[in-house]
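One letter stands for each residue in the lines below.
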Amino acid sequence: MRSLVVTYTSSARQPAPEPRPAWARGTESPSGGPESSAASSAVNDSNVVPITAAHTTRKGASRRADTSPTSLETSAKGKKSTPTAGKVRADALRLLGCVRIATVQQMAQVITKEESDGRLYVRRAMVELAELGLAETNGKVGKHPIWNLTVAGQKALADGNELPQRPKAGTGAKAVRAGFGPHGVAVTDMILAYTDTVLSGDRECLTDWQVEVNHAIKETGLSFNTDAVLAVPTKTREVRLFELDNGTMSQARLAKEVWDYERYAGHRVWEGARGTNGHTYPFWQRHRYTRSERFPLLYVVLAGKKEHLLDNRRQALTADVKGITVAVWVTTLPRLQRGEPWHEIGVDDPHRRRERYPEPAGR
């Protein structure tokens, strides 16, 4: 294992571009970098299922499905061809299965990359999916309807072998009806921006995202939802964690959300069925991210306010989490969309973390 950096810095720097790595190779370099609603459904505290392109269309899958959300096909003459209705429907279902809720504008950005024409294709496809009972709207952000899958739509994805089954993943309908739609749309904006600016527009990575992923430790009562988890394994970490603050929580609450990750990372449990051999291990490393040598990087994205207010919020968060022993990177949504540098406000330090969270009491 490489030596750990224990110095603290809050200066902005641009992480080096990182190719899409495999399990067995690649080095870790932070790439570019919550408001988890109670109305949102969450998955159990088990290993996050990495969803890769290998889970997409294969023998026995839906005939209308394509391998991944892609741009318009290019003809032999170099002109973009009109996407088929079936392909747009399949891509829209797949995208909603990953990000949970989105507007037509967001889906068109991924599926067709055409301005107004692309939105027309997607809008028509969503009307058809609604008529089939596979998608629905339950609210708006501004003038734009927010779309989500129905339970039947989730089942269609599972039946088509498009994505691994997530039995306890919610459709997002309750969250939108409860008024949390703008937050979910902002999370989708974050995912699309990170894909474009950090992952170099790799659309296959869109199927590697999960939203509203629960992290819990029953023994301590700690439980929180991570807004988004990206399964892009490197040599030392198998996922990246993302929290988006849409400007609706207090600064103190935002800081607590970040400190919860250190509490989660610091919890240790006794080795053995009865804990009798005198050794402990990190809970997360044995029961959650089993292929990681280090606790996952946490990326915090600030949105929902004017940019100068977001910068003030970033500076306040930097002060509030000073000395934290997990790796934390922060930026604003506008800066992420422009591909600007992230700010490192926390460094992974398992040695200091263990001193801060000693052996669990009792055996």
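Scroll up to find the structure.
Presented here is a report on the structure given in the accompanying data block. These numbers come from a predicted model, not from an experiment.

Rules used throughout
The written sequence of each chain sets the order in which its residues are numbered from 1. pLDDT decides what is reported in this predicted model: residues at 70 or higher carry local features, side-chain atom pairs at 80 or more are listed and counted, and totals for whole chains, interfaces and linings draw on all residues regardless. Where side-chain values are given, they derive from all heavy atoms of the structure, hydrogens and water being excluded. What makes two strands pair is DSSP finding at least two bridges between them. Helix and strand assignments come from DSSP, with helices taken as H or I runs of at least 4 residues and strands as E runs of at least 2, each series counted from the N terminus. Every case where a carboxyl oxygen of Asp or Glu lies within 4 Å of a side-chain nitrogen of Lys or Arg is listed as a salt bridge. Exposure is judged per residue with a 1.4 Å probe applied to protein chains only, and the accessible area is read against the type maximum: over 50% gives exposed, under 20% gives buried, and values in between give partly exposed. Every axis corresponds to a line fitted to the C-alpha atoms, with the helix fit spanning only the stretch in contact, and the corresponding angles, defined between N-to-C directions, vary from 0 to 180 degrees. In what follows, roughly perpendicular refers to angles from 65 to 115 degrees, roughly parallel to angles under 35, roughly antiparallel to angles over 145, and oblique to any angle outside these ranges. Should the near helix be turned counterclockwise from the far one by less than a right angle, the crossing is left-handed, whereas a clockwise turn marks it as right-handed. Note on contacts: a residue pair is in contact if any heavy atoms of the two residues lie within 4.5 Å. In this classification, the charged set is Asp, Glu, Lys and Arg, the nonpolar set is Ala, Val, Leu, Ile, Met, Phe, Trp, Tyr, Cys and Pro, and all remaining amino acids, among them Gly, are polar.

Focus on the pairing of strand E4 (residues 144-149)
Two faces belong to every sheet, and in a regular strand the side chains alternate between them.
Logical step 1: In this structure, strand E2 (residues 101-102) lies alongside E4, joined through two bridges in antiparallel fashion. Considered in E4, the bridge of Ala 102 is made with Trp 147.
Logical step 2: Summarising the sheet, strand E3 (residues 135-141) and E4 pair through five bridges and their orientation is antiparallel. Residue pairing in the sheet places Val 141 in a bridge with His 144 of E4.
Logical step 3: If you look at the hairpin formed by E3 and E4, you'll find two residues sitting between the two strands, and Gly 142 has a positive phi there, around 65°.

Describing the pattern of salt bridges
A side chain with one charge can pair with a side chain of the opposite charge if their charged atoms come near.
Logical step 1: On inspection of all chains with the given rule, the structure shows 17 salt bridges.
Logical step 2: Put simply, Arg 338 and Glu 307 hold a salt bridge, and the shortest N to O gap is 2.6 Å. Separated by 31 residues along the polypeptide, Arg 338 in helix H9 (residues 333-338) and Glu 307 in helix H8 (residues 307-320) bring together distant segments of the chain.
Logical step 3: By relative accessible area, which is 45% here, Arg 338 ends up partly exposed.
Logical step 4: Through salt bridges with shared partners, one network takes in Glu 307, Asp 311, Arg 335, Arg 338 and Glu 340.

Overview of the packing of helix H6 (residues 251-266) against H8
Logical step 1: Where H6 contacts H8, the axes come no closer than 10 Å and their chain directions differ by 50°. The orientation of H6 relative to H8 falls into the category oblique. Remark: the crossing between H6 and H8 carries right-handed chirality. Counted together, Gln 251, Leu 254, Ala 255, Val 258 and Trp 259 of H6 and Arg 313, Ala 316, Leu 317 and Asp 320 of H8 form the full contact between these two elements.
Logical step 2: When the residues that make up the contact of H6 with H8 are grouped by side-chain class, the tally is six nonpolar, one polar and two charged.

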